[in-house]
Amino acid sequence: MEPPKEARTLSDPVARPLGAVSSLTPNEEERREGGVAPPAAVLGEEADGASADGLWELPVEPAERRPECSRCSRPQKVCLCPFLPVYPLHVSTHLYIIQHPAEENKVLRTVPLLTACLPQDKCKVKIGRRFSEERDPELSTVCRKSGTLILYPGDEAANLEEFILDSPIYPSTIIIIDGTWSQAKDIFYKNSLFRLPKQLFNLPLLLNSREI
């Protein structure tokens, strides 16, 4: 009667008959017994990872900006020049537009429409966030004139329409801040020059604002 065979787990090495020749190298046998993946598979995974990483290094083509009208600065397909006056309007008041830098490159910005309707010497656009007497003496002089008004809402602001009707002198200059409410607030309160002129507000403008 043959003796019972001993039980073997999957991790136990299989006894090889004497004289048997293995087709695997010692290193391959060691990897096979230890559960290590063959070198080819490892190299394949590394190659796939390297190729994926290379995708991030490929050049990205910048988005092409649509051709714009040189007058209204709108895309040519939606140019508004046919609806604008052919010749600049005759106005007696000077306008100073204080534009936040973030508004300068917006496609649907409205300041170019205003400048297209007024004479160049009646409408000036100043782009920036901080203004001072040293940096802009011209603006400082304008803010100190008694006939200068600034359009910005607040507790001390008067209604623009009522002020014009009641005032014996028509304003010579109006300052308008172009930007979102948070941007306009930052410009108004962090530039002492803009608190020198009389403060006014325009009720229809507030009601039509996109942030109220």
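Small disclaimer: the values here were computed from a predicted structure and weren't measured.

Thresholds, definitions, all that
- Residue positions are given per chain, counted from 1 along the sequence in the order it is written.
- Side-chain atom pairs in this predicted model are given and counted only at pLDDT of 80 or more, local residue features only at pLDDT of at least 70, and totals for whole chains, interfaces and linings cover all residues.
- Computation of side-chain values: all heavy atoms of the structure, hydrogens and water removed.
- Here is the rule: rings of Phe, Tyr and Trp (six-membered ring for Trp) pair when centre to centre is within 6.5 Å. Planes less than 30 degrees apart are stacked, more than 60 are edge-to-face, and the remainder are tilted.
- A run of H or I in DSSP counts as a helix once it spans at least four residues, and a run of E counts as a strand once it spans at least two, with each numbered from the N terminus.
- Burial classification: accessible surface area is computed with a 1.4 Å probe over protein chains only, and a residue below 20% of its type maximum counts as buried, one above 50% as exposed, and the rest as partly exposed.
- As used here, the term nonpolar core means buried Ala, Val, Leu, Ile, Met, Phe, Trp, Tyr and Cys residues forming a set that is joined through side-chain atoms within 4.5 Å.
- Should any heavy atoms of two residues lie within 4.5 Å, those residues are counted as being in contact.
- Salt bridges are identified by distance alone: a Lys or Arg side-chain nitrogen within 4 Å of an Asp or Glu carboxyl oxygen.
- pLDDT expresses how confident the predictor is about each individual residue, on a scale running from 0 to 100.
- Should DSSP find at least two bridges between two strands, the strands are regarded as paired.
- It is the directions from the helix axis to the C-beta atoms whose arc is reported.
- Polar contacts, as counted here, are pairs of nitrogen or oxygen atoms within 3.5 Å of one another; within protein the pair requires one atom able to donate a hydrogen and one able to accept it, and residues that are adjacent in sequence qualify only if both atoms are side-chain atoms.

Student: Outline the packing of aromatic side chains, supporting the account with residue identities and numerical values.
Tutor: Inspection of the entire model under this criterion finds five aromatic pairs. Judged by centre distance (6.1 Å) and plane angle (85°), the rings of Y152 and Y189 are edge-to-face. In this pair, Y152 is assigned in the loop between β3 (148-151) and β4 (158-159) and Y189 in helix α6 (residues 181-189), connecting sequence segments 37 residues apart. Under the relative-accessibility criterion, Y152 is labelled buried at 7%. Cluster of aromatic residues (ring-pair linked, three or more members): Y152, W181, F188 and Y189.

Student: A description of the nonpolar core should follow, citing residues and the corresponding values.
Tutor: Counting 15 residues, the largest nonpolar core has I98, L139, I177 and F194 as the members making the most contacts within it. Counting only elements with at least two residues in this core, the list comes to β1 (94-99), α4 (137-144), β5 (173-178) and α6. Ignoring anything within four residues of it in the chain, the contact list for F194 reads I98, F131, L139, C143, I150, I187 and F188.

Student: Quick one: what's the story with the pattern of salt bridges, residue by residue and with numbers?
Tutor: Enumeration over the complete set of coordinates arrives at nine salt bridges. Between R129 and D186 there is a salt bridge; the shortest N-O distance is 3.8 Å. Of this pair, R129 sits in the loop between β2 (123-127) and α4 while D186 sits in helix α6; the two residues are 57 residues apart in sequence, bridging distant segments of the chain. Owing to a relative accessible area of 41%, R129 belongs among the partly exposed residues under this scheme. On the basis of relative accessibility, which here comes to 16%, the residue D186 falls in the buried class. Here D186 ties to R130 by a salt bridge, and the two come within 3.0 Å at their closest N and O atoms. Of this pair, D186 sits in helix α6 while R130 sits in the loop between β2 and α4, and the two are 56 residues apart along the sequence. Each of K124, K126, D136 and E138 takes part in one network of salt bridges that share partners.

Student: Account for the confidence of the model for the chain, naming residues and giving values.
Tutor: The predicted model of the chain averages 76 in pLDDT, with 64% of residues at 70 or higher. The model gives residues 205-212 a pLDDT under 50, and that stretch makes 14 contacts with residues more than four places away or in other chains.

Student: Residues and numbers for the pairing of β5, please.
Tutor: Judged by how many residues are buried, β5 sits mostly within the fold: five of six residues are covered. Bridge count for β1 against β5 is six bridges, and the pairing is parallel. Its bridge partner being in β5, L95 is matched across the sheet by I174.

Student: Could you give me a rundown of α4, with the residues and numbers involved?
Tutor: Regarding α4, the residues found buried are L139, S140, V142 and C143. Each buried residue of α4 sits inside an arc of 160° when the element is viewed along its axis, so together they form one side. Looking at the buried residues of α4, the elements they touch are β1, β2, β3 and β5.

Student: Before we move on, can you summarise the side chain of K126 with the specific residues and values?
Tutor: Mapping K126 onto the fold places it in strand β2. Of the polar contacts made by the side chain of K126, one reaches the side chain of D136; its length is 3.2 Å. Discounting residues that sit within four places of it in the chain, K126 has contacts with Y96, I97, I98, Q99, F131, D136, E138 and L139.

Student: Please set out the environment of S73 residue by residue, giving values where relevant.
Tutor: Take S73: it is sitting in the loop between α2 (39-55) and β1. On a C-alpha basis, the gap between S73 and R109 in space is 8.3 Å, while along the polypeptide they are 36 residues apart. For S73, the contacting residues outside a window of four places in its chain are E68, V107, R109 and P112.

Student: Please provide a residue-by-residue account of α6, values included.
Tutor: Residues of α6 that are buried include every one of Q183, A184, D186, I187 and F188, and no others. Here the buried face of α6 lies against β1, β3, β5 and β6 (198-201).

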